[in-house]
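This is what each chain is made of:
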Amino acid sequence: MTTTVDDALEHGGEFHFFQKQMFFLLSLLSVTFTPIYVGIVFLGFTPDHRCRSPGVAELSLRCGWSPAEELNYTVPGPGPVGEASPRQCRRYEVDWNQSALSCVDPLASLDTNRSRLPLGPCRDGWLYETPGSSIVTEFNLVCANSWMLDLFQSSVNVGFFIGSMSIGYIADRFGRKRCLLTTILINAASGVLMAISPTYTWMLIFRLIQGLVSKAGWLIGFILITEFVGRSYRRTVGIFYQAAFTVGLLVLAGVAYALPHWRWLQFTVTLPNFCFLLYYWCIPESPRWLISQNKNAEAMRIFKHIAKKNGKSLPASLQRLGLEEETGKKLNPSFLDLVRTPQIRKHTLILMYNWFTSSVLYQGLIMHMGLAGDNIYLEFFYSALVEFPAAFMVILTIDRIGRRYPWAASNIVAGAACLASGFIPGDLQWLRIIVSCLGRMGITMAYEIVCLVNAELYPTFIRNLGVHVCSSMCDIGGIITPFLVYRLTNIWLELPLMVFAVVGLVAGGLVLLLPETKGKALPETIEEAENMQRPRKNKEKMIYLQVQKLDIPLN
């Protein structure tokens, strides 16, 4: 009789000392993935800025102006709604070095009506009101060049998309451990090279490379930890692996506050990746992968190591290891299988939209907070804290209430919070923070539930394909989000929130069209997946009907 991996783990320990040690080590990968995923908030922070005008500093010094007086006398005022502010992107075409200018309203001698004075572009760069630096201030990614900040964040999501689509094949072909160490090395090297990049182009290239390998490494860590633990612990471990990402958010806020200069920040958050290369001696290869490669002796050696670490021993009866495989004809999955039949097609479209929604709202809310927040460090920290109760609420509700209603409610709460935030007056900052935290909690819950439900709605032979195809919309959403946030805020600061509200509310409604998967066995065939919303007949009757169908002669 063949012994499966789960049988071996039952004897060697499903979640004991070895698994807890592996969980801690691999969760550190999730912590350090945070600066790559949402680091744009601090790396790409855009402070208040204005055109640099030669001669203004000298005139201000001669006249003894305060900073407020200098702004009032020499910088254009706000422009019409929907246009870039002249204060940030235009300057008066005035020779500030001429001696005829007075210290009291110097422009009055040129024209009594300032609006008639000619304006020109910022030919001599910008002045930024910040004690630190960001890629925006160093490479002047403002005004006509502001789209380059959008491209910077989109490039990392392009890397996520390509890397996550190929990682399944690479990890299955060359092994989890080897692939993990390779991604760690490339991620660390490209992160340091980005920190010392002399130009925007080189910085963009190294950020793209980080995107190619960083999410792939995060996914391999997720795969490894779920393959090391017993069946009954996989869901909880998966959720807490994602919660480690939240720990990374808190750490990032503190490090960014301590290091307001982007190069030092990038260098600091990259360094831990070099320490992860020590995992070569700490983390074994996945026994499940070894068995799939017919390396049973090596897999058995690892199982004995796991049992020894857990203070257990494997019985002598565990001689032959194998994987649980379906009997009968082996089916080859196809992309068409995801849309060929009506119910699976509906599942695919709704899941793709919800992955897209989760990514757009999650990244979008964080980016918008960086633009609208008074203190981005504190608000980033507070909004990250609410992700912990979100994870616990997912654990408490999915097996008691089910998946569908908490999932729909979390999307609706996120959408409603975005809608409400757009109309809260600026003097009620405390209320805005509370509503923003509710929105963040809602979309975090939705993100974690879609990860779980995606696999439960597809039959076995297209399950992995369905998860990869649907979750790829997460990276598509990440590519679009920077342009959505940074361009729409030029029209109205709260306009992105209105878009997020519509997207989130629609996602919540669509979730209600999906079947509930709580307490149901994973579908094995297309027929079972198609009938998930129909009442299940008793097992005996199902077997009888299947036999009757097989007795019908074929013409």
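Residues numbered from 1 in each chain as written. Predicted model: local features only at pLDDT ≥ 70, side-chain atom pairs only at ≥ 80, totals over all residues. Heavy atoms only, no water.

Put simply, the rule is: UniProt positions are given in the numbering used here, feature names are shortened, and annotations may be inferred rather than shown by experiment.
Where an unreviewed UniProt entry is consulted, the protein chain appears under the name Solute carrier family 22 member 2, with the organism given as Rhinopithecus bieti. Quoted straight from UniProt, the Sequence similarities (unreviewed entry) entry for the protein chain says "Belongs to the major facilitator (TC 2.A.1) superfamily. Organic cation transporter (TC 2.A.1.19) family."

### Quick notes on the overall build of the protein chain
To keep it simple, the criterion reads: The way it works is that DSSP assigns letters per residue, a run of H or I at least four long becomes a helix, a run of E at least two long becomes a strand, and they are numbered from the N terminus. Only protein chains enter the accessibility calculation, which uses a 1.4 Å probe; a residue is then buried when its area is under 20% of its type maximum, exposed when over 50%, and partly exposed in between. Note on definitions: a residue-residue contact is assigned when non-hydrogen atoms from the two residues lie within 4.5 Å.
Looking only at helices and strands, the protein chain features 25 helices and four strands. Within the protein chain, the fraction of its 555 residues that count as buried is 51%. Sequence separation of at least 24 residues holds for 81% of the intrachain contacts in the protein chain that already meet a minimum separation of 6.

### So, a nonpolar patch on the surface
Quick note on the threshold: Patches were defined on residues exceeding 30% relative accessible area and lacking a salt bridge, with like-charge contacts within 9 Å and nonpolar side-chain contacts (Val, Leu, Ile, Met, Phe, Trp, Tyr) within 5 Å. The Shrake-Rupley method, run with a 1.4 Å probe sphere, supplies the accessible areas, and residue values consider only the shown protein chains as cover. Criterion for a salt bridge: a side-chain nitrogen of Lys or Arg within 4 Å of a carboxyl oxygen of Asp or Glu.
Where nonpolar side chains cluster on the molecular surface, the patch consists of Leu-371, Leu-419, Phe-423, Ile-491, Trp-492 and Leu-493 and spans about 540 Å² of accessible area. Looking at where Phe-423 falls in the secondary structure, it is placed in the loop between α20 (404-421) and α21 (429-456).

### Some thoughts on the pattern of salt bridges
Counted under the stated rule, the structure contains 15 salt bridges. One salt bridge in this structure joins Glu-70 and Arg-50, with 3.4 Å as the shortest N-O distance. Of this pair, Glu-70 sits in helix α5 (residues 67-74) while Arg-50 sits in strand β1 (residues 49-51), placing them 20 residues apart in sequence. Salt bridges linked by common partners bring Arg-235, Asp-399, Arg-403 and Glu-456 together as one network.

### A short note on unusual backbone geometry
Unlike most non-glycine residues, Asp-105 shows phi in positive territory, near 50 degrees. Locating Asp-105 in the fold gives a position in the loop between β2 (90-92) and β3 (119-121). Its identity is not glycine, yet Cys-143 carries a phi of approximately 55 degrees, on the positive side. Turning to its location among the elements, Cys-143 is positioned in the loop between α7 (135-139) and α8 (147-174).

### As for the side chain of Arg-432
Filter applied, for reference: Polar contacts here mean pairs of N or O atoms no more than 3.5 Å apart (in protein, one a potential hydrogen donor and the other a potential acceptor; neighbouring residues in sequence count only if both atoms are side-chain atoms).
Here Arg-432 is to be found in helix α21. Reaching out from Arg-432, the side chain makes a polar contact with the backbone oxygen of Ser-421 at a distance of 3.5 Å. Contacts of Arg-432, omitting those with residues within four sequence positions, involve Ser-421, Ile-424 and Glu-494.

### With respect to the state of the cysteines
The line we're drawing: Disulfides are defined as cysteine sulfur pairs within 2.5 Å.
Considering all chains together, one arrives at three disulfides under this definition. Here Cys-51 connects covalently by a disulfide to Cys-122, the sulfurs 1.6 Å from one another. Of this pair, Cys-51 sits in strand β1 while Cys-122 sits in the loop between β3 and β4 (126-128), placing them 71 residues apart in sequence. Comparing Cys-51 with Cys-122 shows no difference in burial state: the two are buried. A disulfide bridge connects Cys-63 with Cys-103, and the sulfur atoms are separated by 2.0 Å. Here the S-S torsion is close to -75 degrees, and the disulfide linking Cys-63 with Cys-103 is therefore left-handed. Here Cys-63 is found in helix α4 (residues 56-63), whereas its partner Cys-103 is found in the loop between β2 and β3, with 40 residues between them in sequence. By relative accessible area, Cys-63 is classed as buried at 18%. Relative accessible area serves as the criterion here: at 28%, Cys-103 is assigned to the partly exposed category. Each disulfide in the protein chain links cysteines that, numbered along the sequence, combine into the pattern 1-5, 2-4, 3-6.

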